[in-house]
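# Overview (structure and organization)
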Amino acid sequence: RMSEVDLLYQIEQESLGAESLDDLLDRLNSKAMELVSAHAASTVLISQDRAELHFRAASGPKGSEVRTLRVPRGTGFAGWTCDHNEPLLVNDVPADPRHNRQVADNVGYFPQAILCVPIRGEDNVLGALELLDKTGSTSTFDQNDLKLASLIAGHMAKVIQLARAQEVRMQEGRLAAIGQMLSGVVHDLKTPMTIASGYAQLLPTVKTTEQ
């Protein structure tokens, strides 16, 4: 239990200096890779329309190439994890039919082992955290690695939901400001339009008088 508290403290500390959601995900992604002793890591989020998976953060070899990827929903291990809301621990990636070889070919990185856990929101799955290839004395992931990854994914879910809620509030604030501005414009136009309307109504009377 104390080790879990220490882990959560490290994760919180890593989050403090982040300037944006992408920066925060990068930091947590790198921390996950460090704590689980993985060779590479990526954070995959489901798009707003729930149709695509977007690799929002990537650490380790080929990280810059991975970050640009967008793939159809359900693709690869991350897609399976998101669709089934279950973690995956696969220590023989090439032999697993869920492996998306096209992504590996595109980025030039061919993992042998993968640990993938869902990032669970309050109402649905937000995405997945992938950890690739165990480093050190062992080449396989185990249940302790799965527990660590799940703790980090839980924190990711919280910060993603907070960031999205803040974005919604900001958008609502902008819409409210636009509404107030339009209301003011309409109010400012109302008086001269009323005067113009009055003059327009007087015109037939004026013509009749002149005749």
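A brief look at the structure comes next. (Residues numbered from 1 in each chain as written. Predicted model: local features only at pLDDT ≥ 70, side-chain atom pairs only at ≥ 80, totals over all residues. Heavy atoms only, no water.)

## Here's the deal with the pairing of strand S1 (residues 38-46)
Note the threshold: Exposure is judged per residue with a 1.4 Å probe applied to protein chains only, and the accessible area is read against the type maximum: over 50% gives exposed, under 20% gives buried, and values in between give partly exposed. For the purposes of this entry, the term helix denotes a DSSP run of H or I that reaches at least four residues, the term strand denotes a run of E that reaches at least two, and both are numbered from the N terminus. Strands pair, by our definition, only if DSSP identifies at least two bridges between them.
The buried fraction of S1 is high, at 8 of 9 residues. Here S1 pairs with strand S6 (residues 125-134) via 7 bridges, running antiparallel. Paired with Ala38 across the two strands is Lys134, which belongs to S6. Summarising the sheet, S1 and strand S2 (residues 52-59) pair through 6 bridges and their orientation is antiparallel. Directly across from Leu45, in S2, lies its bridge partner His54. The turn linking S1 back onto S2 is made up of 5 residues, and Arg50 within it adopts a positive phi angle of 65°.

## Section: the nonpolar core
Across soluble globular proteins, you tend to see nonpolar side chains buried next to one another. Condition: In plain words, nonpolar cores are sets of buried Ala, Val, Leu, Ile, Met, Phe, Trp, Tyr and Cys residues tied together by side-chain atoms within 4.5 Å. In this analysis, two residues are considered to be in contact whenever any of their non-hydrogen atoms come within 4.5 Å of each other.
Residues Ile119, Leu131 and Ile160 are the most contacted members of the largest nonpolar core, which totals 27 residues. Of all the secondary-structure elements, those providing two or more residues to this core are helix H2 (21-36), S1, strand S5 (114-120), S6 and helix H6 (143-210). With 8 residues, the top contributor of residues to this core is H6. Excluding anything up to four places from it in sequence, Ile160 contacts Leu21, Leu25, Leu45, Ile119 and Leu126. Counting residues in each nonpolar core, the second largest holds 24 residues, with Phe77, Leu88, Val90 and Ala128 among its members.

## Section: the pattern of salt bridges
The following threshold applies: For this analysis, a salt bridge means a side-chain nitrogen from Lys or Arg found within 4 Å of a carboxyl oxygen belonging to Asp or Glu.
Applying the stated criterion across every chain yields a total of 8 salt bridges. Note that Asp26 and Arg67 form a salt bridge whose closest N and O atoms lie 2.7 Å from each other. Of this pair, Asp26 sits in helix H2 while Arg67 sits in the loop between helix H3 (63-66) and strand S3 (70-72), and the two are 41 residues apart along the sequence.

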